[in-house]
Amino acid sequence: MACEAQISSSNTDSNDAIQTTNEEDESNYEYVTVPPDGGYGWIVTAASLLCLLISDGILFSFGLILTDLKQVFDVPVAQVAWIFSIVNGSSLISGPVASALSNRFGFRTVVIIGSLIGSVGLFTSSFAQSIDSLFFTLGVLFGVADGLVFTPIVVGVGFYFDKRRALATGIALCGSGAGTFVFAPVIYLLLETYTVSGAFLILSGIYLNCAVLGSLLVPLKPQRRKKLQEDVKLLVDDVVTQSVPHTFNEVERVDQNEVTVKEQLVKKTVHSGKLEQQCASDPIDQKPVQKHLANVLKLFKFSLFRSPTFVVVCVSSFFQSIGWFVPSVYLTAHATKMGIPKGEAPFLLSVIGIASMIGRIFNGWLADQPCVNLLFLNNVGLSVAGVLITLCPFFFSYELLVVFSAIFGLASSCTTVVRPILLGKLLGLENVSNGYSFMLVFYGVATLSGIPIAGLLYDIFGDYHVAFYLAGSSILLSAFICYPLGMVNRWEKRLNSSN
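Predicted, not measured: the structure shown is a model, and the values here were computed from it. (Residues numbered from 1 in each chain as written. Predicted model: local features only at pLDDT ≥ 70, side-chain atom pairs only at ≥ 80, totals over all residues. Heavy atoms only, no water.)

1. Structural notes on the overall build of the protein
Logical step 1: Scanning the protein from terminus to terminus reveals 21 helices and 2 strands.
Logical step 2: Counting all 499 residues of the protein, 49% fall into the buried class.
Logical step 3: Here the contacts in the protein between residues at least 6 apart in sequence split such that 87% fall between residues at least 24 apart.
Logical step 4: Here the protein has roughly 23,700 Å² of accessible surface; of this, 64% comes from carbon and sulfur atoms. (Helix = DSSP H or I, 4+ residues; strand = E, 2+ residues; numbered from the N terminus. Buried < 20%, exposed > 50% of the residue type's maximum accessible area, 1.4 Å probe, protein only. Contact = heavy atoms within 4.5 Å. Areas by Shrake-Rupley, 256 points an atom, 1.4 Å probe, with all protein chains shown as cover.)

Below is the structure:
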């Protein structure tokens with residue numbers, strides 16, 4: 001019996017030794033997601049482009065539907081404008097929700113769900129009997145769906161690239177410009193042939209294709225690679241410093257032959273391939289509701305608002321969005337008011353779309369160049385767009401409005417492409433998804449007021465001149481706020497490093 005007990009004890013010690021060895025071997029490896037930087041990433045980019053072509057193509061061609069809705073329901077322009085305002089506002093405000101859901105369930109799932117909701121919203125809009133019902137079916141349902149599609153697409157493309165991230169993002173965002181170019185004449189033809197209700201019905205079927213395209217956003221699988229010992233040591237020291245700040249006196253009293261606190265942390269955390277904070281982050285007596293609230297706050301990363309850099313970006317985004325969509329909504333109506341035939345006015349939106357598409361490819365390539373200052377490119381785009389919209393009432397002829405549309409499309413593409421990349425440079429790549437979604441909230445809140453105010457100014461003055469003056473001035477203010485952003489970011493980094 002004593003012999004069997006000795007053999008059993010020997011086997012147990014042997015198994016423990018093997019397990020300890022495996023744990024030590026595993027601690028030398030980590031699992032990281034490596035972007036393919038090409039290959040399947042280009043398939044994802046193409047799918048994202050087509051997805052945005054459909055979703056944003058319908059959204060930015062809404063100015064054509066606005067005129068018909070005004071005639072069908074016999075309501076003022078300001079009241080109809082609330083529909084587009086709610087659509088765009090819901091789309092942008094739902095950004096943080098889309099970001100949180102993407103972090104939890106993946107980009108592919110969120111895009112598919114958004115596509116289904118958007119199709120339902122357009123389908124039910126075809127049976128609307130009043131403007132009030134369109135506020136929900138088109139404004140809320142389609143708006144939220146567009147946010148669930150747009151945010152994962154824009155952010156998700158960047159995860160498949162490293163060196164070519166800006167170029168891939170620019171190509172994907174070309175879908176918005178291409179969509180405006182394609183859908184402006186398509187929606188005009190649908191309205192002339194099938195009226196508003198028929199157009200909504202057909203568009204709901206087209207929107208379902210976003211689900212098919214979104215299914216191509218296959219998540220990247222983490223790859224196992226050997227970890228650098230220096231990195232492990234630094235990370236362990238960081239974990240000990242953050243997690244057990246009151247135990248150093250106790251550690252000094254631990255016997256030399258006993259296992260130290262640091263060794264225990266390594267065994268508990270490195271075995272899983274990543275180092276996580278232990279001990280102090282979750283008090284035992286913390287209530288379940290408080291735990292749930294803490295998890296929600298961590299999911300949305302509200303701590304970003306402690307960054308002065310991020311606050312400046314959000315304030316600038318608010319003033320930018322007040323006037324940003326005024327040309328997309330009111331340019332065709334402004335042209336018709338000037339006496340331009342109704343059949344030719346939609347071509348102005350197509351010009352904005354094709355110029356924006358070209359500009360996004362070029363600016364995406366330009367942003368990838370090491371010598372290019374992303375903040376300068378962003379500020380130039382905002383400044384030119386602001387000046388141009390302010391001067392829009394002075395473009396008296398159809399030919400001049402075509403020139404206006406082309407330059408505006410090129411200028412607006414600067415900010416559209418650069419903003420997500422700029423956030424990564426200023427805040428870190430790990431904060432891009434949440435930072436971009438919070439920025440979209442400020443876009444959405446401003447849009448909720450900007451478009452109706454422009455419509456109200458038309459009802460008061462009888463033309464769109466004052467609306468364009470207000471829109472351009474607001475965008476110029478947004479540019480001025482961004483001018484000192486580089487200095488603010490450098491000051492913040494010096495402050496953080498000193499602390």
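2. What to know about the packing of helix H7 (residues 131–157) against helix H8 (residues 165–207)
Logical step 1: Where H7 contacts H8, the two axes come as close as 12 Å, and the packing angle between them is 160 degrees. Judged on the interaxial angle alone, H8 and H7 are roughly antiparallel. Where H7 crosses over H8, the two elements pack in a sense that is right-handed. Touching Leu134, Leu138, Phe142, Ala145, Asp146, Val149, Phe150, Val154 and Val157 of H7 are Ala168, Thr169, Ala172, Leu173, Phe200 and Tyr207, all from H8. (Axes fitted to C-alpha atoms, helices over the stretch in contact; angles between N-to-C directions. Parallel < 35°, antiparallel > 145°, perpendicular 65-115°, else oblique. Left-handed = near helix turned anticlockwise from the far one by under 90°.)

3. Considering the packing of aromatic side chains
Logical step 1: Here the structure, examined in full by the defined rule, presents 19 aromatic pairs.
Logical step 2: On the basis of an interplanar angle of 90 degrees and a centroid distance of 5.5 Å, the ring pair of Phe318 and Phe319 is categorised as edge-to-face.
Logical step 3: On the accessibility criterion, Phe318 (26% relative accessible area) is partly exposed.
Logical step 4: Through pairs of rings, three or more aromatic residues link up here, namely Phe305, Phe310, Phe438 and Phe442.
Logical step 5: Positioned over the ring face of Phe105 is Arg104, at 5.1 Å from the centre of the ring. (Phe/Tyr/Trp six-rings, centres within 6.5 Å; stacked < 30°, edge-to-face > 60°. Lys NZ or Arg CZ within 6 Å of the ring centre and 35° of its normal.)

4. Observations concerning unusual backbone geometry
Logical step 1: Here the phi dihedral of Asp74 falls at roughly 55 degrees; this positive angle occurs in a residue that is not glycine.
Logical step 2: Assignment of secondary structure puts Asp74 in the loop between helix H3 (62–73) and helix H4 (77–93).
Logical step 3: A positive phi is found at Thr195, a non-glycine position, where the angle reads about 65 degrees.
Logical step 4: The residue Thr195 is located in helix H8 in this model.

5. Details of a nonpolar patch on the surface
Logical step 1: A contiguous nonpolar patch, built from Met338, Val387, Leu391, Phe394, Phe396 and Tyr469 and spanning about 560 Å² of accessible area, is present on the exposed surface.
Logical step 2: Positionally, Leu391 belongs in the loop between helix H17 (374–390) and helix H18 (398–427).
Logical step 3: You can call Leu391 partly exposed: its relative accessible area is 39%. (Patch = residues over 30% accessible without salt bridge, like charges linked within 9 Å, V, L, I, M, F, W, Y side chains within 5 Å. Salt bridge = Lys/Arg side-chain N within 4 Å of Asp/Glu carboxyl O.)

6. Here's the deal with the environment of Ala100
Logical step 1: For Ala100, the location among the structural elements is in helix H5 (residues 95–105).
Logical step 2: The sequence separation of Ala100 and Asn434 amounts to 334 residues, and the corresponding C-alpha distance is 7.6 Å.

7. Describing H18
Logical step 1: The end-to-end C-alpha distance of H18 is 43 Å, a good match for the 44 Å that 30 residues give at a rise of 1.5 Å each.
Logical step 2: Residue Arg419 marks the point of greatest curvature in H18, where the axis turns by about 40 degrees; the proline Pro420 follows within four residues.
Logical step 3: In terms of burial, H18 is a largely internal element, 22 of the 30 residues being buried.
Logical step 4: Just past H18, the residue Gly428 takes up positive phi, approximately 100 degrees. (Expected span 1.5 Å × (residues − 1). Bend = angle between axes of the 7 residues up to and from the residue.)

8. Some points on the side chain of Asn378
Logical step 1: Along the polypeptide, Asn378 turns up in helix H17.
Logical step 2: Leaving out residues up to four positions away in the same chain, Asn378 has contacts with Thr415, Val418, Arg419, Leu422 and Cys482.

9. Things to note about the nonpolar core
Logical step 1: Membership of the largest hydrophobic core comes to 115 residues, with the highest contact counts inside it found for Leu138 and Tyr330.
Logical step 2: With 15 residues, the top contributor of residues to this core is H8.
Logical step 3: If we skip the residues at most four places from it in the chain, Tyr330 touches Val77, Ala81, Ile451, Ala454, Gly455 and Tyr464. (Core = buried A, V, L, I, M, F, W, Y, C linked by side-chain atoms within 4.5 Å.)

10. As for the confidence of the model for the protein
Logical step 1: Looking at the protein as a whole, the pLDDT averages 79, with 77% of positions reaching at least 70.
Logical step 2: Every residue in residues 230–286 is under pLDDT 50, and counting partners more than four places away or in other chains gives 44 contacts. (pLDDT = per-residue confidence, 0-100.)

11. Here we look at the side chain of Ser321
Logical step 1: With respect to the helices and strands, the residue Ser321 is situated in helix H14 (residues 308–324).
Logical step 2: Residue classification places Ser321 among the buried positions, given a relative accessible area of 1%.
Logical step 3: A distance of 2.7 Å separates a polar side-chain atom of Ser321 from the backbone oxygen of Tyr443.
Logical step 4: With sequence-adjacent residues up to four places away left out, Ser321 is seen in contact with Leu92, Tyr443, Ala446 and Thr447. (Polar contact = N/O pair within 3.5 Å; in protein donor to acceptor, adjacent residues only side chain to side chain.)

12. Points about the packing of helix H15 (residues 326–337) against H18
In helix packing, the relevant descriptors are the interaxial angle and the interaxial distance, both defined with respect to the helix axes.
Logical step 1: Between H15 and H18, whose axes approach to 12 Å, the crossing angle comes to 170 degrees. Overall, the two elements H15 and H18 adopt an arrangement that is roughly antiparallel. Listed contacts from H18 to Pro327, Leu331 and Ala335 of H15 are Leu401, Phe404, Ser405 and Phe408.

13. Describing the environment of Leu216
Logical step 1: Looking at the element boundaries, Leu216 is found in the loop between helix H9 (209–214) and strand S2 (223–226).
Logical step 2: Look past the residues within four positions of Leu216 in its chain and what remains in contact with it is Tyr40, Val44 and Ala47.

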